[in-house]
Amino acid sequence: MGVDSPGTEGAAPLLEVRLLGPLTLSLDGHPLPLPGSRKLRGLLGFLALADRPVGRSRLCDLFWEVPSDPRGELRWCLSRLRRLLDRPGRPVVLAEGDAVRLDLTGCRVDALELAGAMEAPGLPGVGPELFAGEFLEGLELDACPDFQLWLQSQRRRLAEAQLALLARLAQAEGPELPPALLQRWLTLAPLDLRAHRILLAGLARAGRSREAERHLASACRRFAAEGVDSRPLQAAWQELRGSRPPAEPRPAIPAPEPEPGTRRRSIAVLPFGGIGEGPPELADVAFGLSHDLIVRLARLRSLLVIAPGTMLALRERQASVATAARLLEVDLLVNGTVRHLGGQVRVTVELAERASGRIVWAELYDRPLGQTLVVLDELGDRIVAAVAAEIEAVERARAMLRQPGSLDAWGAHHRGLWHMYRFSRPDNEQARRYFELAVRLDPGFSRPYAGLSFTHFQDAFQGWAPARPAIELALRTAGQSLAADERDPAAHWAMGRAHWLEGRQDQAVAELEQAVELSPNFALGHYTLAFVHCQAGDTATAIAASDQSRRLSPCDPLLFGMLGARAMALARQGRFEEAAQWGLRAAGQPNAHAHILAIAAYALALAGRVAEARAQMAQLRRSLPGYRIDDFLRAMRFAPDAVQLFRAAAAGLDG
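A quick note: this is a predicted structure, and the numbers were derived from the prediction, not measured.

Parameters at a glance
- Residues numbered from 1 in each chain as written.
- Predicted model: local features only at pLDDT ≥ 70, side-chain atom pairs only at ≥ 80, totals over all residues.
- Heavy atoms only, no water.
- Helix = DSSP H or I, 4+ residues; strand = E, 2+ residues; numbered from the N terminus.
- Buried < 20%, exposed > 50% of the residue type's maximum accessible area, 1.4 Å probe, protein only.
- Contact = heavy atoms within 4.5 Å.
- Areas by Shrake-Rupley, 256 points an atom, 1.4 Å probe, with all protein chains shown as cover.
- Core = buried A, V, L, I, M, F, W, Y, C linked by side-chain atoms within 4.5 Å.
- Pairing = 2+ DSSP bridges.
- Axes fitted to C-alpha atoms, helices over the stretch in contact; angles between N-to-C directions.
- Salt bridge = Lys/Arg side-chain N within 4 Å of Asp/Glu carboxyl O.
- Disulfide = S-S within 2.5 Å.
- Expected span 1.5 Å × (residues − 1).
- Phe/Tyr/Trp six-rings, centres within 6.5 Å; stacked < 30°, edge-to-face > 60°.
- Lys NZ or Arg CZ within 6 Å of the ring centre and 35° of its normal.
- Parallel < 35°, antiparallel > 145°, perpendicular 65-115°, else oblique.
- Nonpolar A, V, L, I, M, F, W, Y, C, P; charged D, E, K, R; others polar.

Engineer: Hey, could you run me through the overall build of the protein chain in this one?
Structural biologist: For the protein chain, the helix and strand inventory stands at 27 helices and 13 strands. When each of the 655 residues of the protein chain is scored for burial, the buried share is 53%. In the protein chain, of all internal contacts separated by at least 6 residues, the share reaching a separation of at least 24 is 62%. Entry remark: accessible area of the protein chain is about 28700 Å², with carbon and sulfur atoms responsible for 52%.

This is the structure in structure tokens:
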């Protein structure tokens, strides 16, 4: 698989595959007839996104559960695809041994362009076609559960990419964002205030006030139905009309009466079921994985996890998923299957809300059979990290939909996280208010203290407040988090960051290593180890920790930091071109802060790409005009050789 830009005059005809929205195919702009078979369309979509040749057995398992001749069915579908896509002298559907791939070199595939735009700095080639709709819109193959699981995962991944790119476009274009893109934004995130504000601003500039009023009324009704405060949106409209009422003092967040304890979310891991026949160790994988997930989730300390004994009793009673859900009365359920496919074990996992039955997250994993312990360990890490990240994202979104005065400690904590991850000074202050509310409501809840420590860390690190008092507060609140729960990995993470601010390298590393020992799936612990080691000089450990953090949490709100730590480590190894690429990836994340943009600029300068470095620094200084190398070095804790390296990089940029 490969996608290049369109060829020049005289080149081969350009094949375009549009997977976002309903599937369409065209050759040099002329539509091609689509196959009538839904399985054939699904096969085309799957192969177009595959990053390596796909075995025929894998394709048969995806699309043909129990036909008499799955390979015959596959041969027929591939022959149809060849007639559709291949051209004289230019085959697209290629067989490589027992595997199949699409050679899309020189072709355009919108879903791949969308993924590429997420990796690229700036917004090169981002057009409206990347936001045309849902991946393979309208295609469902209910009789092919493995394909449906893959399809749901891709739809969610690409929708998140569309949202992230829309946010970046909004930063660049503001009210000039085209209406079709705004509509897609509101379809994906109907309660996003930014999208509504931009739409209202565009309608106001066009003199379409009545249409804007109708949209405002409709949006306010939607907000009210979801329990979301619409007053900020109404105030924005009044400001756009030039009739904003006099500013009133910002009301403090109302504090309900403290309640005993915190209503943490509860979760149960149902026994994984085996599908079909297989070797004896398959049952061991299914049982071991279910038990391992329970233990690992419990070590996160942020969830109430049903004990293994209860789940074993349900297994012995052969209780169905529906029966188990009804008996347990938990908030969330993890369910999965294990099956044998040739020399591999396939594990499917779903996270669902019990009350609504809505699937929040689903994934499929293929691993070699015969390595049971390795499979259990690696899949346990991956699954628990993914489940924890999804639960936190759901809880942050739910907290933002509630009125502040109705929040309990759990909701106040997650509302604080929502603001914390926006990485701006006003949001940092707002996050602190919600964390303070959470600890007032439940002084024994450790996580909000860790959140408070992070807000004080940000004040010192970003230069938003005098450093010494902020560091002392970061240490104090991290200590309160440990006092509340010394086995919470987030508490040790907060203390490790606070020690790092103090310049206590050894204590920082010890606390961070304790965090990942308590919970090997704690991605932020691995990331912060990368951050600390890349500055102290252990660059190999930093790169390994950065890679592990991204494997565990590939869509983390702190992804920019994971990428930036890797860039700094590579720069210190003298691998300047690689450092520049990773720095640009970090700077391209929607919530990247000033120091991340500086990492990209200095890495580019070290790589000899001075013009790009100056452009990156100019972008940074549009928001912080006085930013210089001293600001960067003051924030970091570099060894002397690294200080010299980055000062040399900045020599031509701090004019």
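Anyway, onward from the coordinates.
Engineer: How should the nonpolar core be read in this particular structure?
Structural biologist: Nonpolar side chains in soluble globular proteins generally cluster together in the buried interior. Within the largest apolar cluster, 93 residues are counted, with the highest numbers of intra-cluster contacts made by Met 568, Tyr 602, Phe 632 and Phe 646. With 12 residues, helix α24 (residues 594-606) is the largest single contributor of residues to this core.

Engineer: Could you clarify how one ought to interpret the sheet that holds strand β4 (residues 54-55) in this entry?
Structural biologist: In sheet architecture, strand pairing relies on hydrogen bonds along the backbone and comes in two forms, parallel and antiparallel. The strand order β4-β6-β5 describes an open sheet built from 3 strands, whose pairing is antiparallel. Two strands in the sheet have a free side with no partner beyond their single neighbour: β4 and β5 (93-96). Summarising the sheet, β4 and strand β6 (residues 99-102) pair through 2 bridges and their orientation is antiparallel. Within the sheet, the bridge partner assigned to Gly 55 lies in β6 and is Ala 99. Contacts from helix α3 (residues 70-85) reach β5 and β6 within the one sheet, and its direction differs from that of β5 by about 135 degrees.

Engineer: Even after reading the chapter, I still don't get the pattern of salt bridges, so can you show me in this structure?
Structural biologist: When the charged atoms of two side chains lie near each other, side chains of opposite charge can form a pair. Tallied over the full model, the rule gives 28 salt bridges. Among the salt bridges present, the one from Glu 16 reaches Arg 18, with a minimum N-O distance of 2.7 Å. Two residues, Glu 502 and Arg 468, come together in a salt bridge whose shortest N-O distance is 2.6 Å. Here Glu 502 is found in helix α18 (residues 489-502), whereas its partner Arg 468 is found in helix α17 (residues 467-484), with 34 residues between them in sequence.

Engineer: Even after reading the chapter, I still don't get the state of the cysteines, so can you show me in this structure?
Structural biologist: A covalent bond bridging the sulfur atoms of two cysteines is what the word disulfide describes. For the structure shown, the criterion picks out 0 disulfides. The structure places no disulfide on Cys 77, whose sulfur is separated from the nearest cysteine sulfur, that of Cys 60, by 9.7 Å.

Engineer: Is there a simple way to think about the sheet that holds strand β3 (residues 30-31) in this case?
Structural biologist: Across the sheet, which stays open at both edges, the 4 strands sit in the order β3-β2-β1-β7 with mixed pairing between neighbours. The strands lining the two open edges of the sheet, one partner per strand, are β3 and β7 (108-109). Inspection of the sheet shows strand β1 (residues 15-18) paired to β7 by 2 bridges, in the parallel sense. Within β7, the position partnered with Glu 16 by the bridge is Arg 108.

Engineer: Whenever I open this one, the pairing of strand β12 (residues 344-353) confuses me. Can you help?
Structural biologist: The side chains of a regular strand alternate between the sheet's two faces. Most of β12 sits out of view: 8 of its 10 residues are buried. Sheet topology places strand β11 (residues 332-341) next to β12; 10 bridges connect them, and they run antiparallel. Its bridge partner lying in β12, Val 338 is registered against Val 347. The antiparallel hairpin formed by β11 and β12 contains 2 residues in its connecting segment, where Gly 342 sits at a positive phi of about 60 degrees.

Engineer: Would you mind going over helix α22 (residues 559-572) with me for this structure?
Structural biologist: The α-helix winds at 3.6 residues per turn, so residues separated by three or four positions along the chain end up facing the same way. The terminal C-alpha atoms of α22 lie 20 Å apart, and with 14 residues this matches the ideal 20 Å at 1.5 Å per residue to within 8%. In terms of burial, α22 is largely enclosed, as 14 of its 14 residues are buried.

Engineer: I'm lost on the packing of aromatic side chains in this one. Help?
Structural biologist: All told, the structure shown has 19 aromatic pairs when counted by the stated rule. Between the aromatic rings of Phe 423 and Phe 560, the centroid separation amounts to 5.0 Å while the plane-to-plane angle is 90 degrees, which identifies the pairing as edge-to-face. Within this pair, whereas Phe 423 is found in the loop between α14 (409-420) and α15 (425-441), its partner Phe 560 is found in helix α22, the two being separated by 137 residues in sequence. Owing to a relative accessible area of 9%, Phe 423 belongs among the buried residues under this scheme. Considering the side-chain rings of Trp 493 and Phe 522, the 6.3 Å spacing of their centres and the 85 degrees angle between planes classify their relative orientation as edge-to-face. With Trp 493 in helix α18 and Phe 522 in the loop between α19 (505-518) and α20 (523-536), the pair connects residues that are 29 residues apart, well separated along the chain. On the basis of relative accessible area, Trp 493 is assigned to the buried category, the value being 5%. Members of the aromatic cluster, joined through ring pairs, are Tyr 421, Phe 423, Phe 454, Phe 457, Phe 461, Trp 493, Trp 500, Phe 522, Tyr 527, Phe 531 and Phe 560. The side chain of Arg 497 reaches across the aromatic face of Phe 457, ending 4.1 Å from its centre.

Engineer: Could you clarify how one ought to interpret the packing of α24 against helix α27 (residues 640-650) in this entry?
Structural biologist: Any two packed helices are characterised by the angle at which their axes cross and by the distance between the axes. α27 packs onto α24 with a crossing angle of 80 degrees between their chain directions and a minimal axis gap of 8 Å. As far as their axial angle goes, α27 and α24 are roughly perpendicular. Contact residues: Tyr 602, Ala 605 and Leu 606 in α24; Leu 645, Phe 646, Ala 649 and Ala 650 in α27. Its residues assigned to classes, the contact of α24 with α27 comprises 7 nonpolar, no polar and no charged.

Engineer: Looking at this structure, how should I read the pairing of strand β8 (residues 266-269)?
Structural biologist: Residues Ser 266 and Ala 268 line one face of β8 and the alternating positions Ile 267 and Val 269 line the opposite face, and both faces are buried. In this structure, β8 lies alongside strand β10 (residues 304-305), joined through 2 bridges in parallel fashion. Its bridge partner lying in β10, Ser 266 is registered against Leu 304. Here 3 bridges tie β8 to β11, and the two strands are oriented parallel to one another. Paired with Val 269 across the two strands is Val 334, which belongs to β11.

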